[in-house]
Each structure stands twice: as structure tokens, then as C-alpha cells.
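Working through the structure, step by step
If you want the building blocks of each chain, they are given just below.
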Amino acid sequence: MSASDHRRAEAAGDPDRPREATRAPLLSARGLRLAFGGVKAADGIDLDVMPGEFLAIIGPNGAGKTTFINMTTGYLRPQAGSIDYDGQPILGLSPRAIVKRGIGRSFQLPQLFSEHTVLENAALAIAAHAGLWSPLTPLLRPRYREEAMALLDRFGLAPLAEARADALNEGARKLADIAMAAALQPRLLLMDEPTSGVAATEKMGIVETLVRVLRDTGVTAVFVEHDMEVVERFADRVAVWSQGRIAALGPPEQVLNDPAVLRDVIGIEPAHHA
Amino acid sequence: MSASDRDAPGVAAPRPSMRLPEAGLALAGAAALVLAAWAVPWLKFVLTIALAKGVAVLGILLLLRAGQVSFGHSMFLAVGAYTVAFLAPAVPEALLLLPLGALLGGLLGLVIGLFIVRYRDIFFSMLNLALSMVLYSLLEKLYDLTKGTDGIRVSALTFAGAVPDRETQEWVMFGLALALALGFGLLVRAYLASPMGRALAGIKTRETRLEFMGVSARRVLLFAYVFSAVMGGAAGTLVAMTTRHVTPQLAYWTSSGELVFIAILGGAGSALGPFLGATAFELVRVYAAAAVADAWQMILGGVLLLVILFAPGGLWGMLTSRLRGRA
Ligand SMILES: Nc1ncnc2c1ncn2[C@@H]1O[C@H](COP(=O)(O)OP(=O)(O)OP(=O)(O)O)[C@@H](O)[C@H]1O
Ligand SMILES: [Mg+2]
């Protein structure tokens, strides 16, 4: 994992490289608060995401992980706090405006056009990004078809191109969902549990495909993940969510070996991962 | 791991790749209509109305693709019809009135659409219904202008400057309706396969995803709504020019219900569905009315019930499954 080690050094701000110290975060959240009735889904979230890094978000169910993604993408509006992307405030912008600025997302429950084929799903995302909405030329014109096939191929989905989206299994749906987000060529991609529901045998393969595609295109990624093996192997930093707060933040080898984090937040015995 | 060495995991049903020759079916259908109009002269009138309604129902089909049902769409038909009725004395040229009616239908569609595309499902349906009833009341109450429920007789028309005799004029109207049906059918077909049309169908299944692709679902729906209103307006001019008498009944909610009825009867799977539905509807109406006088609604109701229960794809669905079965 030399590539990942390299990234890790970059993201951590290696003191031997003075440029790192002055590098601005791509995403910067400060004091985000959002309560649903009595439930504090965000209770003072401060987080910087550095350009190029892979940041994993872990934490128990209901900790507010999805809520963070929803606030960052304009789907939910926090009651307090600020979010800056690329030095600009994005709070209050619509999901559409935020997407156009370069923040993409995938969903915990894949949001595919279920009656369309996988190819059409991909082509629609590509057309949306190209902003070409001529009402009389076919979506699957050669150019979009080729681009869509290339996209699906990168995600290992080419064999499923002609299948209807609602006929896919969970793993393929997750990948297609991420592929659609990637089609918009975001600089920051927020992925909500990209591997949940994916069969254990397929999981590592899917993540490897995914990471390779994202690294190749230089995308900064934030992903919610429950599988510690995936986090350990692919994350540059880990943020541990707990009851709407960030309980710990740092490189995986540090955070995942912190006995307090393991026991109290992740809920597993330290021996398991020591 | 590359794309090719990974198996296709978990595909339940591949999409049938067979393409039906829709164009061939459309031409065959058009030929059959011409033949019928020629063999049974009084059918010309019935078939012209059927084609006109089919054009309006194409608009219903567009909205159905987005999962929306308009129960007020005949208001656009009424706009087209009254355009002809009001303007014919001053501008008797049919070939001018036709695009004008379509344009005014589209304009009303734009004004209403800007507000109505914020709503979905039952609210969308009912707002359309409410607005069409407002138009109906206006047409009924503004007697000085519209002659109320008596309606307006359409004055003599010219076609490209000529005033054809009655027989020729019937053929001209039939030809116009057929040409518009084919033209709008082709447009709708191309539109539904375009990014816009595919996004329209996406409103039905995943509106959030559209927004997260940077696409305004409202704008996508607005385009479809205006398009459908244009077709409604065009259909209305054809109806007015064919029946030569325009009444507020055109905007009444039962007329809108009839369009939805035809859409479901014909099937929303193809641009041919509305025309299959409209032709069947008008023929059943004519023949059933002749055979059993007051019971024709019952017969149509029965037919619709059977279609919904046994052929949810409508007549188009029945036809294609037969063709597929034979292939
Ligand atoms: N729109 C909403 N309305 C009401 N409550 C909400 C809403 N969204 C989230 N919540 C609540 O906020 C809390 C945090 O939810 P969130 O979905 O962010 O958790 P999560 O960390 O993503 O959990 P999981 O691992 O189960 O996906 C939960 O108690 C949830 O029930
Ligand atoms: Mg979640």
C-alpha cells in the first residue's frame, strides 16, 4: 500500500514538506449542530478534509454519519455552524448548486433509476454533467454510450450494462450508485457505506476497484464504513462519530488501536484488532 | 480484476433486446385508417376525432411517464378549440389557426406549468382538475363572449386559401389529423429516448437522484408539461375544425377523464398506444351507442376494467405481447 502510505503522509502534513503546512482544506466544517426533536444528530461537528485524502467515518448506528453527509450536500440544513468548500461557504445552497460546485455523493440506499438500464443510468449522469439536454437526440447516442460504457467498465459493471437497475444485487447497485456520482467528476466524493450489503467475498474486490478509480482521478473521498479491515487498508484518516460528535480523529493505525475508541465507540474488544 | 473477468453478479432479468418495428406498425395503422375512412365514408369523421384525441392523449402519456396524472388536461384542448371558434371569422385560414391554437395551448401550459410542477401525485392531479374547472366556468359564464353552454359555431374555413367542398374538406381534416398524429408521435418518441425524456421517467422513480445530478426535476417536468399542452392545443383546433361546434363541455372534467381513460386503455408503453386507445374508444362509442343506446358508457367501463385487470400495458401491451409471442 505504498500509494496509500504516500497519501497518508501528505494528508497528515509531513513536516519535511513545507507546502503541506499551508495547504488549505478542501472541506471545512465548523460547529455543525442539528437536532431532530431531542435527538442530537450533529452536536458540534468540526472537521477539515484535506485535498486528496481518503477520510473514513466510523461509528455506531444513529451516530449522525449520514446526517453529516446530508448537511454537506445541502439535503439537510444545520441549525448552527458553517461549511466551507474550496474556501467558499456552501451552507444554504441547494443540492443542485452544491453538486455543480464539485461535491458528489452516493447513498446508503442506492438511488438508481430503477426502471432504466444500468447503461442508461450511467449515460444520464454523463449527460447531466455535460449539460446537454437536447430533447430530440437520443440519450444513448454513440458518444454518451461510449462514455457510459467506459465509466461502467472502470467500475467493473460493463457486463451489467443492459440489465435493469432494479435487477442488480446490492453490491452492484452500490457500485452503480457510486459510478453515477463519479460521472459528475466531483473533486470531493462523499460515500455513505459503499460496502454495506456487499457479499464478504466480493467486498475487497469492489473496494479495490473503487479506490483505484478514485485515486486515478485524484478525487478526495469521505466514506462511511463499518468494516474495520476496509478502513485500515484504505483510509488515510479516520473520524470516529459518536452521538453527533467526533470522538476521535487520526490515522487508522492510531485510532483503531485506541482501546477507548474500540470499546466504547466501535463496541469491539481491543484484542480483536490489536 | 478487470471488467471482463468479473462475472455479472445477480441479474434477475435481462432486458428483452428485441425491438418492435414501431415505425412499421405506425405506417400499417395509418394505412388501415385510410382504408377504413375510404370504405366507410361516415367513419372519416369518427377517425379524425380519434386521431385528434390521440394527439392530446400523447400529452397525458408524457406526464404518465413521470408518474403524474393530469385530470384537467382537456383545458388545453378547449384553448385550441376556442382559438379556432373565436378567430375563424377574422382569420379563416386553418393552416394558421392550427399552429396558433397549439401555441396558445403551450402558453397556457407554461403559465400553469411554472406553478404546477412543484406538486406531485394527487396534488398535481387535483390542481389540474381545479384549473380546468375554472376555465370551464369562465367559458360557461362569460355568455357575451362564448355564448355559454350553447357554444360557438365555427364559421367557414379556408385551407391554404382554398375553400374545398364538404367531402374534400373531410378528407383534408382527416389528412391533417393523420399527419399531426404521425408528426407528434415521432416527436414524442424521439423526446422519450432523449436525455430529457429519460430524466422525465426518472422523476417517477428517483427524483432525489436527479437533483443530486445537478438536474432540476421541475424544469424537466415543465418541459413535458408545456409539450403536452401544445399537443392539447393542436388537438383542440382539429376537434373544432372537424365538429364545427365548440362548447365549454370540452373543458369539463369528464373530458379530461376521457383522455386519461384513453391513455390507460391504449397503454403508455409506446407513442402508438394513445392512437390505439383513441381509435378503439371512438369506435366502441359509436357502435355501442348504436347497438345499445344508453349503455355505451357501461360497455366502455367494462372494457377499461378488463384492460386494467388483465392487460395493464393496455392495448399496446396486448399487441406487443402477441407479436413477441409469435416471433
Ligand atoms: N430526517 C430526519 N428526521 C428525523 N430524525 C432523523 C433524520 N435523519 C436522521 N435522524 C436521526 O438522527 C440520528 C442520526 O441519524 P444518521 O442517519 O445520521 O445516523 P448514521 O450514523 O448514519 O446511522 P446508520 O449507521 O444507521 O446509518 C438518528 O437518531 C436518526 O434517527
Ligand atoms: Mg447512515
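Calculation notes
- Residues numbered from 1 in each chain as written.
- Chains lettered and ligands numbered in written order.
- Predicted model: local features only at pLDDT ≥ 70, side-chain atom pairs only at ≥ 80, totals over all residues.
- Heavy atoms only, no water.
- Helix = DSSP H or I, 4+ residues; strand = E, 2+ residues; numbered from the N terminus.
- Buried < 20%, exposed > 50% of the residue type's maximum accessible area, 1.4 Å probe, protein only.
- Contact = heavy atoms within 4.5 Å.
- Near = heavy atom within 4 Å.
- Nonpolar A, V, L, I, M, F, W, Y, C, P; charged D, E, K, R; others polar.
- pLDDT = per-residue confidence, 0-100.
- Donors = N, O, S within 2.8 Å, 3.2 Å for Na, K, Ca; no water.
- Phe/Tyr/Trp six-rings, centres within 6.5 Å; stacked < 30°, edge-to-face > 60°.
- Buried area = accessible area lost by both parts, 1.4 Å probe.
- Salt bridge = Lys/Arg side-chain N within 4 Å of Asp/Glu carboxyl O.
- Polar contact = N/O pair within 3.5 Å; in protein donor to acceptor, adjacent residues only side chain to side chain.
- Pairing = 2+ DSSP bridges.
- Axes fitted to C-alpha atoms, helices over the stretch in contact; angles between N-to-C directions.
- Core = buried A, V, L, I, M, F, W, Y, C linked by side-chain atoms within 4.5 Å.

Looking now at the environment of Thr195 of chain A. All names here are of chain A. Mapped onto the secondary structure, Thr195 falls in the loop between β7 (188-192) and α8 (200-216). A residue is classified by how much of its surface remains accessible, and Thr195, at 2% relative accessible area, is buried. Spatially, the C-alpha atoms of Thr195 and Ala80 are 31 Å apart, while their sequence positions differ by 115 residues. Other than its neighbours up to four places away in sequence, Thr195 contacts Lys203, Val207 and Glu225.

Although it is not a glycine, Glu193 of chain A sits at a positive phi angle of roughly 55 degrees. Mapped onto the elements, Glu193 of chain A comes out in the loop between β7 and α8. Look at Ala160 of chain B: it is not a glycine, yet its phi comes out positive at around 50 degrees. Exposure remark for Ala160 of chain B: the relative accessible area of 63% places this residue in the exposed category.

A word on the site of ligand 1. Residue and element names in this part refer to chain A. For ligand 1, the set of nearby residues contains 14 residues, the closest of which are Gly62, Lys65, Thr66, Thr67 and Gln108. Secondary structure elements with two or more residues in the shell around ligand 1: β2 (39-49) and α3 (65-72). The element that contributes the greatest number of residues to the shell around ligand 1 is α3, accounting for 3 residues. Of the residues that constitute the shell around ligand 1, the class distribution is 5 nonpolar, 7 polar and 2 charged.

As a further point, take the confidence of the model for chain A. This prediction gives chain A a mean pLDDT of 85; 88% of its residues lie at or above 70. Confidence drops under pLDDT 50 across residues 1-21 of chain A; counting only partners more than four residues distant or on other chains, this segment forms 23 contacts.

Reference values for coordination geometry: four tetrahedral donors around a metal ideally subtend 109.5 degrees, six octahedral donors ideally subtend 90 or 180 degrees. With distances of 1.9 to 2.2 Å, the protein atoms coordinating the magnesium ion (ligand 2) are Thr66 of chain A (OG1) and Gln108 of chain A (OE1). Of the two residues, Thr66 of chain A sits in helix α3 while Gln108 of chain A sits in the loop between β6 (103-106) and α5 (118-130), which places them 42 residues apart along the sequence.

Our next topic: the packing of aromatic side chains. Under the counting rule described, the total for this entry stands at 14 aromatic pairs over all chains. Where Phe107 of chain A meets Phe212 of chain B, the ring centres are 5.3 Å apart and the plane angle is 75 degrees; that geometry is what we call edge-to-face. With Phe107 of chain A in the loop between β6 and α5 and Phe212 of chain B in helix α9 (residues 207-212), this residue pair bridges two chains. In this pair, the class of Phe107 of chain A matches that of Phe212 of chain B, namely buried. Plain terms: the ring middles of Phe76 of chain B and Tyr225 of chain B are 5.7 Å apart, the flat faces sit at 85 degrees to each other, and that makes the pair edge-to-face.

For the rest of this paragraph, the subject is the interface of chain B and chain A. The partner chain A presents 52 residues to the 35 residues of chain B that form the contact. Overall, the association of chain B and chain A removes approximately 3,700 Å² of surface from exposure, summing both partners, and the carbon and sulfur fraction of that is 63%. The partner of Asp177 of chain A in a salt bridge is Arg209 of chain B, with the nearest N and O atoms 2.2 Å apart. The interface formed by chain B and chain A holds 10 residue pairs in polar contact (both at pLDDT 80 or more) in total. Counting residues per element, the ones that place at least two in the side of chain B that touches chain A are α7 (166-193), α8 (195-205), α9 and α10 (217-243) of chain B. Of the residues assigned to the side of chain B that touches chain A, the class counts are 20 nonpolar, 7 polar and 8 charged.

What follows deals with the sheet that holds β2 of chain A. Whenever strands of a sheet pair, they do so through backbone hydrogen bonds, lying parallel or antiparallel. Residue and element names in this part refer to chain A. Read from one edge to the other, the open sheet built from 4 strands follows the order β2-β1-β4-β5, with strand pairing classed as antiparallel. If you trace the sheet from one side to the other, it starts and ends with β2 and β5 (88-89), each paired once. Bridge analysis of strand β1 (residues 27-36) against β2 gives 8 bridges, and the strand direction is antiparallel. Bridge assignment links Leu27 to a residue of β2, and that residue is Val49. Contacting β1, β2 and β4 (80-85), α3 runs over the sheet at an angle of about 115 degrees to β1.

A separate point is the nonpolar core. Core analysis: the biggest nonpolar cluster contains 159 residues, and Phe155 and Leu157 of chain A together with Val188 and Met213 of chain B have the highest contact counts within it. Ranked by residues supplied to this core, first place goes to α10 of chain B with 16 residues. Counting 26 residues, the second-largest nonpolar core is a separate cluster that includes Ile45, Ile83, Tyr85 and Leu188 of chain A.

All names here are of chain A. Taking strand neighbours across the sheet as the criterion, the 6 strands line up as β6-β7-β8-β3-β9-β10 in an open arrangement whose pairing is mixed. In this open sheet, the two edge strands, each paired with only one partner strand, are β6 and β10 (245-250). Adjacent strand axes in the sheet meet at a mean angle of 15 degrees, parallel and antiparallel pairs treated alike. Direction of pairing for β6 relative to β7: parallel, over a ladder of 4 bridges. Looking across to β7, one finds that Arg105 is bridged to Leu190. Each of β3 (54-58), β6, β7, β8 (220-224) and β9 (237-242) touches α3; the most contacted strand, β7, lies at about 145 degrees to it.

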